[in-house]
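Remarks on the overall topology
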Amino acid sequence: MSFFFEDSPSSPSSPKQAKHFVSFGCAFLFLSFFVFLAFTAIDYNWNWSSVFQYKKKFIDGWLISVGISFVTLFFSLIVGFLAAMGKRSTLLPIKYVASIYIELVRGTPLLVQIYLFYYVIADAAGVDNRYVMGVVIMSLFSGAYIAEIFRAGIESVGKSQLLSAKAIGLSSKQTYRFVIIPQALRNSLPALAGQFANLIKDSSLLSTIAIREFTLNAQEVNSITYSSFESYFPLAIGYLAITLPVMQLSRVIENKIRFET
Amino acid sequence: MNLAVNKITKRYGDQRALDGFTLQANDFSCLAFIGPSGGGKSTALRHLCGLEIPDSGEIRLNDSILPAQENELLNFRKSIGIVFQSYNLFPHFTALENVTLPLVQVHAMDAKNANSRAMELLGRFGLSNHANKRPAELSGGQSQRVAIARALAPDPSILFLDEPTSALDPEMTAEVLEAIESLVADGKKIVLVTHEMGFAQKAADQVAFIANGKVIEHSTSTDLFNRPQSQTCEKFLSRVLKY
Ligand SMILES: Nc1ncnc2c1ncn2[C@@H]1O[C@H](COP(=O)(O)OP(=O)(O)OP(=O)(O)O)[C@@H](O)[C@H]1O
Ligand SMILES: [Mg+2]
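Residues numbered from 1 in each chain as written. Chains lettered and ligands numbered in written order. Predicted model: local features only at pLDDT ≥ 70, side-chain atom pairs only at ≥ 80, totals over all residues. Heavy atoms only, no water.

**Regarding the interface of chain A and chain B**
- Contact with chain A, which involves 18 residues of that partner, is made by 20 residues of chain B.
- Here chain A and chain B share an interface that buries about 1800 Å² over both sides, 66% of which is from carbon and sulfur atoms.
- Joining chain A to chain B, the criterion identifies zero salt bridges.
- The tally of links from chain A across to chain B stands at six residue pairs in polar contact (both at pLDDT 80 or more).
- Among the elements of the structure, helix 7 (159-167) and helix 8 (172-202) of chain A are those that each provide at least two residues to the side of chain A that touches chain B.
- Here the side of chain A that touches chain B takes seven residues from helix 7 of chain A, the largest share from any one element. (Contact = heavy atoms within 4.5 Å. Buried area = accessible area lost by both parts, 1.4 Å probe. Salt bridge = Lys/Arg side-chain N within 4 Å of Asp/Glu carboxyl O. Polar contact = N/O pair within 3.5 Å; in protein donor to acceptor, adjacent residues only side chain to side chain. Helix = DSSP H or I, 4+ residues; strand = E, 2+ residues; numbered from the N terminus.)

This is the structure:
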């Protein structure tokens, strides 16, 4: 019976790999069974071959989504850093600009932000490249979350270290550079990796303003081939192919940091 | 070394941490602060080393007044060394990097000289083999010796230590106290807060007894320990020396 239970640190270790493999397989089959039931119940005429013809469209869309997410990650790190520093500023107007930005973005749905930005701000500012717009919207959106991640990272650097920095004669700029930021970044890494996974999923909403990313392309394949939802399977798998490794990476970093300190 | 503190006060909310703290210590080489917990020893020390600014009163070190502006205080702090009870070191740097950081960034030493200066001091405190370890890989006593090495590296005119051994077990306490004692023997000027009465008696030449935010009594360590003048000090000593 103990075969299906996780090893406690004290128990004699049984063949560990095999054990997890079998349990994972059981869980997978069990869940697949329900999915199978659901699909047999709807009595649907599958049409995989015509969807498969459009595999290039999937690949292109996937590359666009991943590309937008990477570029966005870069800019949202900058936005998030500035907002986090702004929120700590002793200059009150700056502090409030940063707080209002963070609260507004975190308090409204991304879809609303996309529409507002697309129909109002981009129009007024005369931006007409959709991809630029998409990256700007996503960077502002993600930047607010990253600002909060950085804030938590900065606050994780204890008061005693700040006093030590003062004691050895570091200026406040040097304290940020050598003491706070390196540790805040390191402590923020797991959450940042998680945020990157969110970014990839959230970028699917850019399909609503006709950016030819993964989700939009999948929807197009559905309508071209007159199929209802075959394309959503490659779509889900395409997202998982990048979010699962990223989330795993986040976990690995978290453990590494825990063991190092 | 001369230290003159004239009626400094400091409030935290409605708590008077320092309440007319006055002390005139002339020609000391090692000055120890002793006294009951919450009496204001750490607060006094933080003011002496320019980490905090008093609400009123003034502090003179060798006849120069401590500035009351943060940017000038920063310059003052560069000329002294400070070691706290614990958590002195930056956890993301190795022992060596902890020592070289202020040398390079604050004292504009080049990396090569900073390294050899740091290794010289780590060697002096028996830490040569631990130079490349992070604080998490060092014992408490080793960490404190690294912290002392870091404070000493820029050759400060005076060293301030706040209970450098109170977070350590007896064996590590001994190794850190030996390190401090060797500094006194070398003529380094030191002000320290300590609960180690034996050490205060042996290594310090002057002792101040602090309670209720004031200096209740100050004299040579022989006099203070053998002939305390005030009742509070006598009571305190009889209690702490009992065990
Ligand atoms: N930053 C602070 N904020 C509020 N109160 C403080 C602060 N620092 C010190 N105090 C208060 O000031 C008083 C003196 O504290 P201090 O730490 O100087 O005592 P101490 O003599 O060093 O005691 P111990 O031997 O326990 O270290 C205490 O009542 C303490 O609660
Ligand atoms: Mg104290």
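**A few points about the domain arrangement of chain A**
- Segmenting chain A into domains produces domain 1 (1-44) and domain 2 (51-257).
- Summarising the inter-unit geometry, the C-alpha centres of domain 1 of chain A and domain 2 of chain A are found 34 Å apart. (Domains from an automatic or database assignment.)

**Structural notes on the pairing of strand 10 (residues 214-220) of chain B**
Residue and element names in this part refer to chain B.
- Bridge analysis of strand 9 (residues 206-211) against strand 10 gives six bridges, and the strand direction is antiparallel. Each residue of the ladder has a partner; that of A211, found in strand 10, is K214.
- Where strand 9 hands over to strand 10, the hairpin turn is made up of two residues, of which N212 adopts a positive phi near 55 degrees. (Pairing = 2+ DSSP bridges.)

**Focus: the site of ligand 1**
Residues and elements named next belong to chain B.
- Looking at ligand 1, there are 14 residues lining it, with S37, G38, K41, S42 and T43 nearest.
- A distance of 3.2 Å separates an oxygen atom of ligand 1 from a polar atom in the backbone of G39.
- A distance of 2.7 Å is found between an oxygen atom of ligand 1 and a side-chain nitrogen or oxygen belonging to S42.
- Contact with the protein chains hides 63% of the accessible area of ligand 1, taken as 630 Å² for the molecule alone.
- Elements supplying a minimum of two residues to the shell around ligand 1: strand 2 (15-25) and helix 1 (41-48).
- In terms of residue count, helix 1 provides more of the shell around ligand 1 than any other element does, four residues in total.
- Taken together, the residues of the shell around ligand 1 break down into three nonpolar, eight polar and three charged. (Near = heavy atom within 4 Å. Areas by Shrake-Rupley, 256 points an atom, 1.4 Å probe, with all protein chains shown as cover. Nonpolar A, V, L, I, M, F, W, Y, C, P; charged D, E, K, R; others polar.)

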